Amino acid sequence: MVILGAGIVGAACARELAHAGFDVTVLDRAGAAGATTAHGEGNILVSDKEPGPELQLAQLSRDLWPRTLESVAAGPLGQTAAARAEWAAKGGIVVATTAAGADALHAFADRQRTAGVRAEPLTRAQLSHAEPHITAEHTAAVHYPDDAQVQPAAAATVLLADARAAGARVHTCQEVRSAVVHGGRLTAVRTDTGRHEAEVFLDAAGPWSAGLSARLGVFLGVHPRRGEVLVTTPLPPTVFHKVYDADYVDAVGSGDGTLQTSAVVESTAAGTVLIGSSRRRVGFDDRLRPEVLSAVAAKAVRLFPALARVPAMRAYGGFRPYVTDHLPVIGPDPRLPGLWHATGHEGAGIGLSLGTAHLLRTLLLDETPPLDPTPFRVDRPAVTEVTEGSATPEQSANRPDMRTGAPGSGGLLEGAKPPDARPARPRGKGAKPRRKPGGGTELHLTVDGAPVQGTQGQTLAATLLTAGRTSWRRTTTSAPRGLFCAIGTCFDCLVTVNGEPDVRACRRRAADGDVLTSQFRSTNTWQRPAPDRDRPRGGAR
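All values derive from a computational prediction rather than experimental measurement. (Residues numbered from 1 in each chain as written. Predicted model: local features only at pLDDT ≥ 70, side-chain atom pairs only at ≥ 80, totals over all residues. Heavy atoms only, no water.)

Here helix α1 (residues 8-19) is twelve residues long and its end C-alpha atoms lie 17 Å apart, about the 16 Å a rise of 1.5 Å per residue gives. Every buried residue of α1 is accounted for by Ile 8, Val 9, Gly 10, Ala 11, Ala 12, Cys 13, Ala 14, Arg 15, Glu 16, Leu 17 and Ala 18. Looking one or two residues beyond α1, the residue adopting positive phi is Gly 21, at roughly 100°. (Helix = DSSP H or I, 4+ residues; strand = E, 2+ residues; numbered from the N terminus. Expected span 1.5 Å × (residues − 1). Buried < 20%, exposed > 50% of the residue type's maximum accessible area, 1.4 Å probe, protein only.)

Taken as a whole and assessed by the stated rule, the structure comprises 27 salt bridges. Between Arg 361 and Glu 367 there is a salt bridge; the shortest N-O distance is 3.3 Å. Ionic contacts of the salt-bridge type, sharing partners, join the residues Glu 175, Arg 177, Asp 192, Arg 215 and Arg 474 into one network. (Salt bridge = Lys/Arg side-chain N within 4 Å of Asp/Glu carboxyl O.)

For soluble globular proteins, the rule of thumb is that nonpolar side chains tend to be buried together. Counting 67 residues, the largest nonpolar core has Ile 3 and Trp 65 as its most contacted members. Those elements that provide at least two residues to this core are α1, α2 (53-74), β4 (92-96), α4 (99-114), β6 (140-144), α6 (152-165), β19 (339-343) and α10 (349-364). Here this core gets nine residues from one element, more than from any other, and that element is α2. If near-sequence neighbours (up to four positions away) are discounted, Trp 65 is found in contact with Ile 8, Ile 44, Trp 87, Val 150, Ala 155, Leu 159, Ile 350, Gly 351, Ser 353 and Leu 354. In terms of nonpolar packing, the next biggest core, distinct from the first, is built from 20 residues, Ile 93, Val 273, Ala 300 and Phe 304 among them. (Core = buried A, V, L, I, M, F, W, Y, C linked by side-chain atoms within 4.5 Å. Contact = heavy atoms within 4.5 Å.)

Moving on: the packing of aromatic side chains. Under the counting rule described, the total for this entry stands at three aromatic pairs. Arranged with centres 5.6 Å apart and planes meeting at 25°, the rings of Trp 208 and Phe 284 form a pair that is stacked. Of the two residues, Trp 208 is situated in the loop between β12 (201-203) and α7 (209-216) and Phe 284 in the loop between β16 (273-279) and α9 (290-303); the sequence distance between them amounts to 76 residues. Taken as a pair, Trp 208 and Phe 284 share a single burial class, namely buried. Their ring planes at 90° and their centres at 6.3 Å tell us that Trp 208 and Phe 319 sit as a pair that is edge-to-face. Of this pair, Trp 208 sits in the loop between β12 and α7 while Phe 319 sits in strand β17 (residues 312-322); the two residues are 111 residues apart in sequence, bridging distant segments of the chain. Since its relative accessible area comes to 8%, Phe 319 is described here as buried. By the ring-pair criterion, three or more aromatic residues cluster together here, those being Trp 208, Phe 284 and Phe 319. (Phe/Tyr/Trp six-rings, centres within 6.5 Å; stacked < 30°, edge-to-face > 60°.)

All right, on to the sheet that holds strand β25 (residues 500-504) then. The strand order across the open sheet formed by five strands is β21-β20-β26-β24-β25, and the pairing between neighbours is mixed. Sheet topology places β21 (450-455) and β25 at the edges, where each strand pairs with a single neighbour. Each strand of the sheet is rotated relative to its neighbour by a mean of 40°, with strand direction disregarded. Of the strand pairs in this sheet, strand β20 (residues 442-447) and strand β26 (residues 515-517) are connected by two bridges, and their pairing is parallel. For Thr 446, the partnering residue across the bridge sits in β26 and is Val 515. (Pairing = 2+ DSSP bridges. Axes fitted to C-alpha atoms, helices over the stretch in contact; angles between N-to-C directions.)

The next thing to look at is the packing of α1 against α6. Remark: α1 packs on α6, axes separated minimally by 8 Å, with the N-to-C direction vectors making an angle of 25°. Taken together, the axis directions place α1 and α6 in an arrangement best described as roughly parallel. The handedness of the crossing between α1 and α6 is left-handed. Here Ile 8, Ala 11, Ala 12, Ala 14, Arg 15, Ala 18 and His 19 of α1 lie close against α6, whose contacting residues are Pro 152, Ala 155, Ala 156, Leu 159, Leu 160, Asp 162 and Ala 163. Residue composition of the contact of α1 with α6, grouped by class: eleven nonpolar, one polar and two charged. (Parallel < 35°, antiparallel > 145°, perpendicular 65-115°, else oblique. Left-handed = near helix turned anticlockwise from the far one by under 90°. Nonpolar A, V, L, I, M, F, W, Y, C, P; charged D, E, K, R; others polar.)

All right, on to the sheet that holds β12 then. Pairing is mixed across the open sheet formed by six strands, whose spatial order is β8-β2-β1-β12-β19-β18. Each edge of the sheet is formed by a strand with only one pairing partner; in this case those strands are β8 (169-171) and β18 (329-332). Each strand of the sheet is rotated relative to its neighbour by a mean of 20°, with strand direction disregarded. The sheet contact formed by β12 and β19 spans three bridges and is parallel. Looking at β19, one finds that Phe 201 is bridged to Leu 339.

Now for the environment of Val 24. By the secondary structure assignment, Val 24 is in the loop between α1 and β2 (25-27). Owing to a relative accessible area of 0%, Val 24 belongs among the buried residues under this scheme. Taking the C-alpha atoms as reference points, Val 24 and Val 2, separated by 22 residues in sequence, lie 5.9 Å from one another. Once you skip the residues sitting within four places of it in the chain, Val 24 turns out to touch Met 1, Ile 3, Ala 14, Leu 17, Ala 18, Gly 167, Ala 168 and Arg 169.

To continue, consider the confidence of the model for the chain. Low pLDDT means the predicted atomic positions in that stretch should not be read closely. Mean pLDDT for the chain: 85, with 84% of residues reaching 70 or above. Throughout residues 391-433 the model reports pLDDT below 50, and contacts reaching past four residues in sequence, or to other chains, amount to 101 contacts. (pLDDT = per-residue confidence, 0-100.)

Checked against the element boundaries, Asp 512 lands in the loop between β25 and β26. What makes Asp 512 buried here is its relative accessible area of 10%. Polar side-chain contacts of Asp 512 include one of 2.7 Å to the backbone nitrogen of His 444. (Polar contact = N/O pair within 3.5 Å; in protein donor to acceptor, adjacent residues only side chain to side chain.)

In this section: the environment of Thr 463. Among the secondary structure elements, Thr 463 is positioned in helix α13 (residues 460-466). A sequence separation of 20 residues divides Thr 463 from Leu 443, and the C-alpha atoms of the two residues are 9.7 Å apart. When neighbours within four sequence positions are excluded, Thr 463 is seen to be in contact with Leu 445, Val 452, Gln 453, Gly 454, Gln 458 and Ala 510. Within polar-contact distance, the side chain of Thr 463 engages the backbone oxygen of Thr 459 at 3.0 Å.

Looking now at unusual backbone geometry. The residue after Gly 276, namely Ser 277, is reached through a cis peptide bond having omega 0°. Tracing the chain through its elements places Ser 277 in strand β16. Here Glu 346, not a glycine, exhibits a phi torsion of approximately 50°, which is positive. Relative to the assigned elements, Glu 346 resides in the loop between β19 and α10.

The next subject is α4. Between the first and last C-alpha of α4 there are 23 Å, a value that for 16 residues agrees with the 22 Å anticipated at 1.5 Å per step. Gly 101, Ala 102, Leu 105, Phe 108, Ala 109 and Gln 112 are the residues of α4 that are buried. Here the buried residues of α4 occupy an arc of 130° about the axis, which is enough to place them on one side. α4 presents Ala 99, Ala 100, Asp 103 and Thr 114 as exposed residues on the side facing more than 90 degrees away from its buried surface. (Arc of directions from axis to C-beta.)

Here's what the structure looks like:
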């Protein structure tokens, strides 16, 4: 089995399956637990979920977390390793600050109790004792003793380490570029450094699952949803539970792409206080927005007035894998045998990871699952139907063309011929280039197996950028490289053209019929000048 993604979900699946006897290899395009997992708060919650399949998965995961860490402590890694996850069964408190909010909170808690969730109403005196610094302007509070927290990146690392102790292999800086399909089945993936074969491939790439699945040949309706967190300077004990306002549940369940904020406040083992939360649909725009942080801070101060005098020492943000029906995607993909998914958990991936891994194992081994897996199936409309506005810029660049099946930048499926793809026009006699409506002659190139249009006079770099490609070379550490100096001085934009490696894309004019291939690294970096044939005609520099 090859697991694609080394975040918390991929780590949990790797551990579960390695202990079940699978031969597990984990591939990640960057570093383990370095993306969505590292940009979360480590929440393991039952308090924020309506009765239904997601709550059932959360309850399963909540039961598994302490048992799993006990198993790690009893194994070769020992107690010290298990303690690094910073497991804290601190409980959660949900607070309402309006009369309407109080009614909604009590009704929500009543529904949860029917599903087996411990939800205990707190009197004013009980709340004051539990959280001495909470606002006096509250109308209701409910205590959820089963809410817990871990340090997310550390917890993922512990799970990966235990998977390795059980025989799993973990390889970082391994971005998947294309699929190998034989007999209609996914049999291997190609990365920057080689080919990996397996019987089963698990997409655990979180917000990047859509782009990854597209490179493997299928569309997946998983979208990035951005969230930001403020971090205070270390404080004396100030917040003793995970505390959030009743608006949080509505923000989690909202499908609105505009900014959704609510107060979520909790302390860490280091003494800092994490302040969230925000949700917004902005594609993969990773810029921190002061107005978002301001809105989050204002709501937190309303819940804990003393925080108004506390400095925030930093802020961070990340992307959560969002599906429009708010349920994760777990199970086999019927469109491409050999491909499975474990993604789409949005902001609940830390808490749902162990339950997801356990459910996945039972499905792979044809055992009785711990809960009904049907709601999480891949072939449901929210996951497989392309809707207006569903593709982000990165997803559009990597998703297969709906007509040809050719991935936009990941290369064609090996062994599968696109039915209607127009081949690149031959060079030389017989080729009759067309004039583009805006002027210039239309050129047809092939980039990593996919057809790309260009315009006569453009450099290869300009053609690639126009086609949405911002990188086409990888360094020895798998860092992406593309256009940098744009004047032929540096070597960042090297590309292989018609079999010739190390061509500087900023200096070579595009020609009709050119075949371009991304490079893993320069074969002769920075040590020789560009050959004369790389120079633009007419003395241009």
